[in-house]
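Below are the chains, spelled out letter by letter.
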2 protein chains.
Amino acid sequence: MSDQTDLQTQSKKPLILVTNDDGITSLGIRTLVELMKTLGEVVVVAPNSPQSGMGHAITIGEPLRLYSTEIFQDVDEYECSGTPADCVKLAKHYVLKDRAPDLVVSGINHGSNSSISVLYSGTMSAAIEAAIEGIPAIGFSLCDFREKAGFDHVKELVLSIVQSALKNGIPKGVALNVNLPAESEQPIRGIKICRQANAKWQEKFDYRKDPYGRGYLWMAGDFVNYDHDKEDTDEWALSQNYVSVVPCQYDLTAYQALESITHWEF
Amino acid sequence: MSDQTDLQTQSKKPLILVTNDDGITSLGIRTLVELMKTLGEVVVVAPNSPQSGMGHAITIGEPLRLYSTEIFQDVDEYECSGTPADCVKLAKHYVLKDRAPDLVVSGINHGSNSSISVLYSGTMSAAIEAAIEGIPAIGFSLCDFREKAGFDHVKELVLSIVQSALKNGIPKGVALNVNLPAESEQPIRGIKICRQANAKWQEKFDYRKDPYGRGYLWMAGDFVNYDHDKEDTDEWALSQNYVSVVPCQYDLTAYQALESITHWEF
């Protein structure tokens, strides 16, 4: 699927910014950098520590550190003390001196970011931050959170999605949330364009005592999918071993609710 | 505007959870707790440190601490080591043992959370987390980030909005983002129901050296409002000294983009 003909007809190679939330040394970002190097000029600005669950956090009130690294080859690369959203801001406005990348890709995350998890996802916050900057952006997540998760089975699919995005252009104000099935004996059945399933995490807190006798709590929980029978959702696509692609926006206005609230009396 | 008749006709006082992102000792949450005590039974679960800019971050991979406090009077109150979204999860599933509050209010934030700032806002992430839990929720922010900001001029307005929300009910899947003008010689002109303005922060990074000669960066920036002439936006309402109320949703699907992406070839 990774036909490079379209790109070769372009006058120059696209500039691709790569970031993630698992940190610059993770296997997922190494995979993504290797793939993007076959398509364009690559710049990496990624967190120097795991930032999972950071949502759209940014660093205000304290300074950021940025160091160049030598993890990859033939790549302009930096690690940053901040969040994934910080990385995108730093990359565009400091590292690239306000030159906009042609594409921002984030990931490949170790673990799913489908349905409600998009809100908590550092991976997707980087992609959405890029969309706010007017840059086409895609967040990739693998439904396998293990540190040594296998990525070989999704390489062609990632390339294909990136090439299609570069060719077609992602609509303004939109970032793509791509979730990829974990490696298994079943082949991946294809790619589905979906909506975000209506779901939530039903938390359970596990109370323990530390060696000093003080209490602490672990947050854990069960995933509850209210849309389990809805075939147009990302959760359904993934359950059927499809790749899910959800276009996401950063305008949170609930337009359908404006009318009723306008009639409230204050 | 704070007519309590409607509430007095209810069979019991509503249970109101109060949280914020500036931390449990801030003036903004003290103001909100005092106001909510006049309307219902109040539980406070709030961060023990400032969490501004935390977006929808949650604490995974490390445990949480929760301690009871004695900051307020006649209130069940706790400080938490986590984020605003953690506070809502902990409050419902641990402190309240899965009893749902009738309302979650977050704030009053010291500083605006209008337009794009809603994405970075810890205040609004708490409200949106409550909406995910199916609980009516409102985030309040004052357009004055000073530690000693004045809140007296907005007290009646906050009460009025909360009472109206309790009376009318907030639509499912929606949290209200309320921004309140800073204290000034001009009286507040009223309350406008709005959409989120299309705007962004144009970052500038200030490079400095620490006493050890190592570089660090401060993120700063200018606010750019692409909708500066649009009278249906929160930014316009605030510029005219109105309170802005934006209904926000957590379904990020860009439905208008689904059609075009469905035609992509992979």
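What counts and what doesn't
- Residues numbered from 1 in each chain as written.
- Chains lettered and ligands numbered in written order.
- Predicted model: local features only at pLDDT ≥ 70, side-chain atom pairs only at ≥ 80, totals over all residues.
- Heavy atoms only, no water.
- UniProt positions renumbered as here; feature names shortened; annotations may be inferred.
- Helix = DSSP H or I, 4+ residues; strand = E, 2+ residues; numbered from the N terminus.
- Axes fitted to C-alpha atoms, helices over the stretch in contact; angles between N-to-C directions.
- Parallel < 35°, antiparallel > 145°, perpendicular 65-115°, else oblique.
- Left-handed = near helix turned anticlockwise from the far one by under 90°.
- Contact = heavy atoms within 4.5 Å.
- Nonpolar A, V, L, I, M, F, W, Y, C, P; charged D, E, K, R; others polar.
- Buried < 20%, exposed > 50% of the residue type's maximum accessible area, 1.4 Å probe, protein only.
- Salt bridge = Lys/Arg side-chain N within 4 Å of Asp/Glu carboxyl O.
- Core = buried A, V, L, I, M, F, W, Y, C linked by side-chain atoms within 4.5 Å.
- Least-squares fit on C-alpha atoms with pLDDT ≥ 70 in both.
- Polar contact = N/O pair within 3.5 Å; in protein donor to acceptor, adjacent residues only side chain to side chain.
- Pairing = 2+ DSSP bridges.
- Buried area = accessible area lost by both parts, 1.4 Å probe.
- Phe/Tyr/Trp six-rings, centres within 6.5 Å; stacked < 30°, edge-to-face > 60°.
- Lys NZ or Arg CZ within 6 Å of the ring centre and 35° of its normal.

**Observations concerning the UniProt feature "domain: Survival protein SurE-like phosphatase/nucleotidase" (unreviewed entry) in chain A**
UniProt's feature table lists "domain: Survival protein SurE-like phosphatase/nucleotidase" (unreviewed entry) at residues 16-203 of chain A, given in the numbering used throughout. Annotated as 28% helix and 26% strand, the span residues 16-203 of chain A places its first and last C-alpha atoms 38 Å apart.

**Digging into the packing of helix α2 (residues 27-37) of chain B against helix α6 (residues 155-168) of chain B**
Geometry of a packed helix pair, given as the angle between the helix axes and the separation of the axes. Residues and elements named next belong to chain B. Between α2 and α6, the least distance of the axes is 10 Å, while the angle of their chain directions is 55°. Judged on the interaxial angle alone, α6 and α2 are oblique. Considering how the two elements wind past one another, α2 and α6 form a crossing that is right-handed. Within the contact between the two elements, α2 uses T31, L32, L35 and M36 and α6 uses K155, V158, L159 and V162. Split into classes, the residues belonging to the contact of α2 with α6 amount to six nonpolar, one polar and one charged.

**Describing helix α5 (residues 122-132) of chain A**
Residue and element names in this part refer to chain A. Along α5, eleven of the eleven residues are buried, which leaves the element largely enclosed by surrounding structure. Looking only at α5, the buried set comprises G122, T123, M124, S125, A126, A127, I128, E129, A130, A131 and I132. Looking one or two residues past α5, G134 carries a phi angle of roughly 80°, positive in sign.

**Overview of the pattern of salt bridges**
Scanning the entire structure with this criterion turns up 30 salt bridges over all chains. Of the charged contacts in the structure, one is a salt bridge between A:D210 and A:R214, with a shortest N-O distance of 3.2 Å. On the accessibility criterion, A:D210 (10% relative accessible area) is buried. Owing to a relative accessible area of 42%, A:R214 belongs among the partly exposed residues under this scheme. Across the pair B:K230 and B:D227 runs a salt bridge whose closest N-O atoms are separated by 3.6 Å. Through salt bridges with shared partners, a single network forms among A:R195, A:D227, A:K230 and A:D232.

**Here's the deal with the nonpolar core**
Judged by nonpolar contacts, the single largest core of 82 residues is most densely connected at A:V45, A:I128, B:V45 and B:I128. Beyond its immediate stretch of four places on either side in the chain, B:I128 contacts A:L119, A:L252, B:H56, B:A175, B:C248 and B:Y250.

**Describing the relation of the copies chain B and chain A**
If you rotate chain B by 180° and push it 0.0 Å along the axis, it lands on chain A with an RMSD of 0.0 Å. Such a combination of rotation and displacement between the chain copies is what one expects of a two-fold axis. Interface overlap between copies: 100% of the residues of chain B at the interface are likewise at the interface in chain A, consistent with a symmetric, same-surface contact.

**Looking at the UniProt feature "binding site: a divalent metal cation" (unreviewed entry) in chain A**
All names here are of chain A. When the UniProt feature table is mapped to this numbering, "binding site: a divalent metal cation" (unreviewed entry) covers D21, D22, S52 and N109. Considering the C-alpha atoms alone, the annotated residues occupy 89 residues of sequence yet fold into one spot, their largest mutual distance being 8.9 Å. Its location among the elements puts D21 in the loop between β1 (15-19) and α2 (27-37). Filtering out sequence-adjacent residues up to four positions away, D21 remains in contact with P47, S49, P50, Q51, S52, G53, P84, N109, S121, G122 and T123. Inspection of the secondary structure puts N109 in strand β5 (residues 103-110). Look past the residues within four positions of N109 in its chain and what remains in contact with it is D21, D22, T123, F140, S141 and L142. In this structure the side chain of N109 is engaged in a polar contact, spanning 2.8 Å, whose partner is the backbone oxygen of G111.

**Topic: the environment of A:A254**
Mapping A:A254 onto the fold places it in the loop between β11 (243-249) and α8 (255-262). The exposure class of A:A254 is buried, given its relative accessible area of 0%. When sequence neighbours within four positions are dropped, the list of residues in contact with A:A254 reads B:V174, B:P247, B:C248 and B:Q249.

**Here's the deal with the sheet that holds strand β6 (residues 137-142) of chain A**
All names here are of chain A. One open sheet holds the nine strands; their spatial order is β3-β4-β2-β1-β5-β6-β7-β11-β8, and the pairing between them is mixed. The open sheet is flanked by β3 (66-68) and β8 (191-193), the only strands paired with a single partner. Going across the sheet, the axis of each strand differs from the next one's by a mean of 20°, ignoring polarity. Of the strands in this sheet, β1, β2 (41-47), β5 and β6 are in contact with α2, which crosses β5 at around 145°.

**Structural notes on the interface of chain B and chain A**
Frequently, the measure chosen for interface size is the accessible area that the parts lose on association. Taken together, the contact between chain B and chain A spans 80 residues of the former and 80 residues of the latter. With both chains or domains summed, chain B and chain A bury close to 7,000 Å², and 66% of this area falls on carbon and sulfur atoms. Counting the surface chain B buries against chain A, the share from its top three residues, B:L252, B:W264 and B:F266, is 12%. Linking chain B with chain A are six salt bridges, by the criterion used here. The salt bridge involving A:E203 is made with B:K89; its shortest N-O contact spans 2.4 Å. The interface formed by chain B and chain A contains 30 residue pairs in polar contact (both at pLDDT 80 or more). The greatest single-element share of the side of chain B that touches chain A, amounting to seven residues, is contributed by helix α8 (residues 255-262) of chain B. By residue class, the composition of the side of chain B that touches chain A is 45 nonpolar, 20 polar and 15 charged.

**Looking at the sheet that holds strand β8 (residues 191-193) of chain B**
Spatially, β3-β4-β2-β1-β5-β6-β7-β11-β8 (chain B) is the arrangement adopted by the nine strands of the open sheet, whose pairing is mixed. Looking at which strands have only one partner, the edges of the open sheet turn out to be β3 (66-68) and β8 of chain B. Direction aside, the axes of adjacent strands within the sheet are offset by 20° on average. Here four bridges tie strand β1 (residues 15-19) of chain B to strand β2 (residues 41-47) of chain B, and the two strands are oriented parallel to one another. Directly across from B:L15, in β2(B), lies its bridge partner B:E41. On top of the sheet, α8(A) reaches β7 (174-180), β8 and β11 (243-249) of chain B; it is set at about 135° to β11(B), its chief contact. In the packing of helix α3 (residues 84-95) of chain B onto the sheet, contacts are made with β1, β2, β3, β4 (76-80) and β5 (103-110) of chain B, and the angle to β2(B) comes to roughly 135°.

**Re the packing of aromatic side chains**
On inspection of all chains with the given rule, the structure shows six aromatic pairs over all chains. Note on A:F205 and B:Y94: the rings are 6.5 Å apart at their centroids and 70° apart in plane angle, and the pair reads as edge-to-face. In this pair, A:F205 sits in strand β9 (residues 199-209) while B:Y94 sits in helix α3, so the two residues belong to two different chains. Here A:F205 falls in the buried class, since its relative accessible area comes to 14%. The partly exposed category is assigned to B:Y94, whose relative accessible area is 28%. Just above the ring of A:Y242 sits the side chain of A:K192; from NZ or CZ to the centre is 4.7 Å.

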